[in-house]
There are 2 protein chains.
Amino acid sequence: MKNVVLALDAMGGDFGPVVTVPASLQALSLHPKLELLLVGNPDVISPILSASRSACIDRLTVIPAKLVIGGDIRPAQAIRVSKDTSMRVALELIKSGRAQACVSAGNTGALMGLSKLVLKSINGIERPALTTLLPHQKQGKTVILDLGANISCDGAMLVQFAIMGSVLSEQILGVSNPRVALLNIGSEETKGLDNIRHASEILHTISSIHYVGYIEANDLLIGKTDVLVCDGFVGNITLKTMEGVIRVILSTLKSSEKENKLNWFMQSINFWIGKCLFNKFSQFHPDWYNGAYLIGLRNTVIKSHGAANQRAFTAAIVQAIHAVERKIPERISARLSTVLSKK
Amino acid sequence: MKNVVLALDAMGGDFGPVVTVPASLQALSLHPKLELLLVGNPDVISPILSASRSACIDRLTVIPAKLVIGGDIRPAQAIRVSKDTSMRVALELIKSGRAQACVSAGNTGALMGLSKLVLKSINGIERPALTTLLPHQKQGKTVILDLGANISCDGAMLVQFAIMGSVLSEQILGVSNPRVALLNIGSEETKGLDNIRHASEILHTISSIHYVGYIEANDLLIGKTDVLVCDGFVGNITLKTMEGVIRVILSTLKSSEKENKLNWFMQSINFWIGKCLFNKFSQFHPDWYNGAYLIGLRNTVIKSHGAANQRAFTAAIVQAIHAVERKIPERISARLSTVLSKK
């Protein structure tokens, strides 16, 4: 198999190279056929690289870029000042054919805007979407989109999301004939907003999509659907709500450990609680499903959490490898042609 | 203090009188100044009442109503066929002055529609909202609205929700100068949908509201705000997402108990895990915060979960008692006059 070459925005995210460099080395050690182009300020990256003794360092090239796009700059402004930024240079490496995909933990809006500008959308896709794979209770994962790239969506866009989500579920998760649902506030056809009802009408007519109707938010984690479609505003709120609940539970357990630190028996109990909970819930922890696809572009772009730690950023790199190997953009394009030709 | 008289829709919800009758008796035993008018089919209610040996039964009157509004009937249709239904008769008892508030576990849309028709909105409130008190990590509660009564809301409606939420936080939770936030997908002023940004502009100009800006969904449970405002679609999805995550966690723990049923040591460990978790997380369990206010009406109406068990329905009754005692509708009306006169 040919090597996979990825361009990484080394400077993006809350921690920059302190996280992205060790994560790169970890990914290289896990994947012998991986090459990485690490884009950013060599003065910051090189000392961290030199300190490591990784044998994988020969599969890593530092590509200089002087500037960084700020975390809170608006997308339109980010695009105007994007020349020589690590994010833009990384995306240009795909365009020039040197890299096959890009990973960044930088500003989401800027990454989406620049990706569309530099790489373009797939024909038939109005707006790319932000997508992740959410673990569910039945040991599988649900593809959920959009997570915030498009805060308002019409019915046709939701249908495009459904098609892209289906391809991702099939190709990345190996689900055959994946079930597709629309997130709504009730299961009856009359429920919800106009755009959702419109999407539902269209999805009923597309035979190549296994559309199962509406799903309510309390059923997200029980494995009722393989693909969940919603607009970016609702998707973002839903995912962050889940993260918030899980973080509160983990931090509550931590504080209970402190309260009991003088009592050895309670310490043992807490150790067991921690161990059991870790095994049970670690699949739901954001670190493990870090890496959102910017899906609908002609090439693969993966957005990591801004606050990603090393493990989480490595997970995002691995996700990019899988997307390249499974030729996700090409397959979405092919699926769209099939659906459109049958209509 | 004068007695509080509540009208209960005994037939609403998934279980009807099997839950509502025992919950009524429990509430009566907890509150010696409570009187209940139990509205529904006497043939179903009476046998359950007779089987009980409650000493409180003399403060309970059965009010006959032949019909029940179905769980999935549309609000407009429900209103047309509402004559002689337990829900409508219960609401009419408020209008006629016999009861001060109503509790129902029936069809939410029908309850909202009928309440508006029978009881009317407070002057200055376009649309009443569905509201609950969500426990947070700092031992307090956040008033969250709307939870699904209005699936799309303009900026002015969100501002009305903010005012109503403030009154509820002050009067029911005793919070002085409660912080008010709008749920959004980022904290910067430029983020989000038009209606949210518009509401934010207005809230900045109202000096009697302690507006603190936007809050993201991952911060909902950490006590960053006392009142959280969003449209009904997003509120419904947010609350149900939380419920879903918590239910998955509880059921995962339950399944782990079964797996280990032959091992006494693991059984003891699980007992402790269960005990610790129950203490830590029970505050987040839907049963404990059951009872949503239909706020913005001229009288108090409380919507219980359809699937409420006895404990949860009792909690909803108790919530109605507090709302009556604190004169919530009157205080909202007064606050609105103040805000409007200052503008």
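Residues numbered from 1 in each chain as written. Chains lettered and ligands numbered in written order. Predicted model: local features only at pLDDT ≥ 70, side-chain atom pairs only at ≥ 80, totals over all residues. Heavy atoms only, no water.

The name given to chain A in an unreviewed UniProt entry is Phosphate acyltransferase, with Candidatus Blochmannia vicinus as the source organism. According to UniProt, the comment filed for chain A under the heading Pathway (unreviewed entry) is "Lipid metabolism; phospholipid metabolism." Heading Subunit (unreviewed entry) of the UniProt record for chain A holds this comment: "Homodimer. Probably interacts with PlsY." (UniProt positions renumbered as here; feature names shortened; annotations may be inferred.)

1. Digging into the packing of helix H1 (residues 17-30) of chain A against helix H2 (residues 42-51) of chain A
Residue and element names in this part refer to chain A. Where H1 contacts H2, the axes come no closer than 10 Å and their chain directions differ by 45 degrees. Classed by the angle they form, the pair H1 and H2 counts as oblique. Considering only the axes of H1 and H2, their crossing is right-handed. On H2, the residues that touch Pro 17, Val 18, Val 21, Pro 22 and Leu 25 of H1 are Val 44, Ile 45, Ile 48 and Leu 49. Considered class by class, the residues forming the contact of H1 with H2 number 9 nonpolar, no polar and no charged. (Axes fitted to C-alpha atoms, helices over the stretch in contact; angles between N-to-C directions. Helix = DSSP H or I, 4+ residues; strand = E, 2+ residues; numbered from the N terminus. Parallel < 35°, antiparallel > 145°, perpendicular 65-115°, else oblique. Left-handed = near helix turned anticlockwise from the far one by under 90°. Contact = heavy atoms within 4.5 Å. Nonpolar A, V, L, I, M, F, W, Y, C, P; charged D, E, K, R; others polar.)

2. What about the packing of helix H4 (residues 86-95) of chain B against helix H5 (residues 108-119) of chain B?
Residues and elements named next belong to chain B. Taken N-terminus to C-terminus, the directions of H4 and H5 make an angle of 30 degrees; their axes are 10 Å apart at the nearest point. In terms of axis orientation, H4 runs roughly parallel to H5. In the packing of H4 onto H5, the handedness of the crossing is right-handed. Residues Met 87, Arg 88, Leu 91, Glu 92, Ile 94 and Lys 95 of H4 lie in contact with H5, whose contacting residues are Ala 110, Leu 111, Leu 114, Ser 115, Leu 117, Val 118 and Leu 119. Partitioning the contact of H4 with H5 into residue classes produces 9 nonpolar, 1 polar and 3 charged.

3. Notes on the sheet that holds strand E1 (residues 4-9) of chain A
Residues and elements named next belong to chain A. The sheet built from 11 strands is open, its strands ordered E3-E2-E1-E4-E11-E10-E5-E6-E9-E7-E8 with mixed pairing. Looking at the sheet topology across the chains shown, the edges are occupied by strand E3 (60-64) and strand E8 (210-215). For this sheet, the mean inter-axis angle between neighbouring strands, taken without regard to orientation, is 25 degrees. In the packing of helix H6 (residues 155-173) onto the sheet, the strands contacted are strand E5 (129-135), strand E6 (141-145), strand E7 (179-183), strand E9 (227-229) and strand E10 (292-295), and the crossing angle to E6 comes to about 150 degrees. (Pairing = 2+ DSSP bridges.)

4. Notes on the pairing of strand E1 (residues 4-9) of chain B
All names here are of chain B. Of all 6 residues in E1, 6 are buried, a share of seventy percent or more. The two faces of E1 match: Val 4, Leu 6 and Leu 8 on one face and Val 5, Ala 7 and Asp 9 on the other face are all buried. Across 6 bridges, the pairing between E1 and strand E2 (residues 34-40) is parallel. Bridge pairing in E2 links Asp 9 to Val 39. You can see the chain leave E1, run along helix H1 (residues 17-30) and come back into E2, and the turn it takes is right-handed. Pairing of E1 with strand E4 (residues 101-104), which is carried by 4 bridges, proceeds in the parallel orientation. (Buried < 20%, exposed > 50% of the residue type's maximum accessible area, 1.4 Å probe, protein only. Right-handed = clockwise from strand over helix to strand, strands pointing away.)

5. A short note on the pairing of strand E6 (residues 141-145) of chain B
Residue and element names in this part refer to chain B. Of all the 5 residues making up E6, 4 are buried; the element is thus mostly covered by neighbouring parts of the structure. In the sheet, strand E5 (residues 129-135) pairs with E6 via 5 bridges, with the strands oriented antiparallel. In the strand pairing of E6, Leu 133 is matched with Val 143. Turn length for the E5-E6 hairpin, with the two strands adjacent in sequence and antiparallel, is 5 residues, and the turn residue Gln 139 shows positive phi of about 70 degrees. Across 3 bridges, E6 lies against strand E9 (residues 227-229) in parallel orientation. Its bridge partner lying in E9, Leu 145 is registered against Val 229.

6. Some words on a positive patch on the surface
Residues and elements named next belong to chain A. Together, Lys 2, Arg 326, Lys 327 and Arg 331 make up a positively charged patch on the protein surface. Relative to the helices and strands, Arg 326 is located in the loop between helix H10 (310-325) and helix H11 (328-342). When its relative accessible area of 36% is taken as the criterion, Arg 326 is described as partly exposed. (Patch = residues over 30% accessible without salt bridge, like charges linked within 9 Å, V, L, I, M, F, W, Y side chains within 5 Å. Areas by Shrake-Rupley, 256 points an atom, 1.4 Å probe, with all protein chains shown as cover. Salt bridge = Lys/Arg side-chain N within 4 Å of Asp/Glu carboxyl O. Lys, Arg positive; Asp, Glu negative; His and termini not counted. Charge placed at Lys NZ, Arg CZ, Asp CG, Glu CD.)

7. What to know about the pattern of salt bridges
Charged atoms that come close allow side chains of opposite charge to pair. Residue and element names in this part refer to chain A. Enumeration according to the criterion identifies 12 salt bridges over all chains in this entry. The partner of Asp 226 in a salt bridge is Arg 179, with the nearest N and O atoms 3.0 Å apart. Here Asp 226, found in the loop between E8 and E9, pairs with Arg 179, found in strand E7; they are 47 residues apart in sequence, far enough to count as distant. Here Asp 226 falls in the buried class, since its relative accessible area comes to 9%.

8. A word on H4(B)
All names here are of chain B. Counting buried positions along H4 gives 7 out of 10 residues, so the element sits mostly inside the fold. Against the buried residues of H4 lie E1, E2, strand E3 (60-64), E4, H5 and strand E11 (300-303). At the C-terminal side of H4, Gly 97 shows a positive phi close to 90 degrees.

9. A look at the environment of Ala162(A)
Residues and elements named next belong to chain A. Summarising the element assignment, Ala 162 is placed in helix H6. The class of Ala 162 is buried, set by a relative accessible area of 0%. The sequence separation of Ala 162 and Leu 203 amounts to 41 residues, and the corresponding C-alpha distance is 8.3 Å. If we skip the residues at most four places from it in the chain, Ala 162 touches Val 180, Leu 203, Ile 209, Val 227 and Val 229.

10. Brief notes about the side chain of Thr300(B)
Residues and elements named next belong to chain B. Tracing the sequence through the fold places Thr 300 in strand E11. A residue is classified by how much of its surface remains accessible, and Thr 300, at 8% relative accessible area, is buried. Discounting residues that sit within four places of it in the chain, Thr 300 has contacts with Ile 94, Gln 100, Ala 101, Cys 102, Ala 323 and Pro 329.

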